[in-house]
Amino acid sequence: MKLKEIFLAAVLVLVCINIAESHKSCCCKPHPRRCPSGYRSVLVNRVVCKYRRRGRCPRPRPILGSLGFVIDDTGSMRDDISGVKSRISYILARNRLFRDFVVARFSDPYRRRVLRSSRSTAVRNYINAIKPSGGGDCPEYSLSAIRDAAKAARPNSMLYLFTDASAKDARLKASVAALLRRKRTRLYVVRSGRLCGSSYKGEYDYLAKRSGGGVIRLRNKKNVKYVLKYIGLASAGRVPFKLPSSVKKLRRIRPGCCKIVRKRICKRIRSHCPRVYCPRGYRRVVKRRRICKGGPRPPPRPRRLGSLGFVIDVTGSMKTEIRAVRSSISSVIAANRRFRNYVLATFSDPYKRKVVAVKRKSSALKFLRAIRPNGGGDCPEYSLSGVRDAARRALSRSVLFLFTDASAKDARLKKSVARLLKRKKIRLFVVKTGKLCGRAYKREYDYLARVSGGKVITLPSKSGVSSVMNFMKLAAAGKAKFSALPKTLKKLKKFRPRGRRCFTQILITCRR
């Protein structure tokens, strides 16, 4: 009996070995796929589509989030909207992959109008109710609509944008791209027309590339029906979600049966260091050393200075500048590691001496909140009187910032103010906006800045004051020098504090 059992067990083992060698499934499990040295095993999703002439495809399960339509509803989009209305029932009826639908509309001015529903009747009624109207000025608020649609959609969704205009809110493209990547949402852009000509800065191509989508250009608005037919086939699982870049390529696609297959592949491991093999009789010796580049080693504590001063023109035209200083002063004081106190002064026409020297953030905010910009009209102001009184209250080795859009009515004081600044070692930095009253400006600010060791920065727009305050925050924290203040807003926006870049160098040698 024992011999018979041993014989049967041996036969079973031989059968399993033979079948395993022929790569067939058996009670003996085959070895998992091993990757060569320098590679790692990764699981990826691949969409596999097979063409079928006859028979029906198996019903796929809903594995994606939302299918979104972001539609420009201005008057020039009449043909595109008509195409969407005629094909929306076809898309809703064939959907097998998406859990619900998102529809967003936009025009100029922008109002948030977003619908998210899993009921095909509600989506169909909402799209059929769109009445194209308005337009005229070409750029529209398209990125705001994409942002709101992406917020309403589920993760792992698809958004289709239909427009013939560039984005009026192109400044949002970085934040919208981050939102799309965070929610794993792909954006496909169906563009018709010229996108307002030179006003288009490539914002749609940027978003499509960052989100993993694509852009298709329609030379004829009637070709939108081919795009909508493709969306219907893709939502039914008959073609992959990879919209071609032209209508010619789109019409060549044949529908098949698609499914998502998980496949294990070998991916190369990126390594910047070559592998060192030592010959027989030698051993590998690894040494590590830290190397820093990018300027001299920074001191442990930044150099202490006297006072940080703000001399502000409080006439009616300075509302934007005062608002920017008021909103940023808290972060500047919180980051400060160099100044002992703060000096704040105001001036207008006629001049009234109003200067305070404070140490606490609450006192500085209280002074700034009490400022009410008013008056003005006659352009020159008593700015040098404000600089003189602020310099008198400031400590030695201080830094003063003058915010103004007018020239000095008391330019005769420039030499006495220059002597005061040099005696107390105070640097004056002038933030000028506007034309400084045209011919009335005799370059008194440039003279004072040069004599005191400061600078003059000219801002083409008043909104650039916030960039100056950001630079001031870095300088007050000891991360930048005040002398590095650029003279133009363009250079200021590109400014980055120069730090030390350190890395560990690995040296591998062979020794006996």
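Residues numbered from 1 in each chain as written. Predicted model: local features only at pLDDT ≥ 70, side-chain atom pairs only at ≥ 80, totals over all residues. Heavy atoms only, no water.

If you look the chain up in an unreviewed UniProt entry, it shows as VWFA domain-containing protein from Macrostomum lignano. UniProt, in its Subcellular location (unreviewed entry) section for the chain, records the words "Secreted". (UniProt positions renumbered as here; feature names shortened; annotations may be inferred.)

### Here we look at the state of the cysteines
Inspection of the entire model under this criterion finds 2 disulfides. Between the sulfur atoms of Cys 138 and its disulfide mate Cys 196 the distance is 1.8 Å. Every disulfide takes its handedness from the sign of the S-S torsion; for Cys 138 and Cys 196 that torsion is -85°, giving left-handed. With Cys 138 in the loop between α3 (120-128) and α4 (142-152) and Cys 196 in the loop between β6 (186-192) and α6 (203-211), this residue pair connects regions lying 58 residues apart in the sequence. Cys 138 sits in the partly exposed class, given a relative accessible area of 31%. In this structure Cys 196 comes out as partly exposed when scored by relative accessible area, which is 21%. (Disulfide = S-S within 2.5 Å. Helix = DSSP H or I, 4+ residues; strand = E, 2+ residues; numbered from the N terminus. Buried < 20%, exposed > 50% of the residue type's maximum accessible area, 1.4 Å probe, protein only.)

### Side note on the packing of aromatic side chains
Enumeration over the complete set of coordinates arrives at 9 aromatic pairs. Judged by centre distance (5.6 Å) and plane angle (35°), the rings of Tyr 200 and Tyr 204 are tilted. Accessibility assignment for this pair places Tyr 200 and Tyr 204 in one class, buried. Both rings, one in Phe 401 and one in Phe 429, keep their centres 5.3 Å apart while their planes meet at 20°; by these two values the pair is stacked. Residue Phe 401 is found in strand β13 (residues 399-404), and its partner Phe 429 is found in strand β14 (residues 427-433); the two are separated by 28 residues along the sequence. Take Phe 401 and Phe 429: they sit in the same class, and that class is buried. Taken together, Phe 339, Phe 401, Phe 403, Phe 429 and Phe 482 form an aromatic cluster joined through their ring pairs. The cationic tip of Arg 87 hangs over the ring face of Tyr 90; the distance from NZ or CZ to the ring centre is 5.5 Å. The ring centre of Tyr 206 lies 4.9 Å from the NZ or CZ of Lys 173, which sits over that ring. (Phe/Tyr/Trp six-rings, centres within 6.5 Å; stacked < 30°, edge-to-face > 60°. Lys NZ or Arg CZ within 6 Å of the ring centre and 35° of its normal.)

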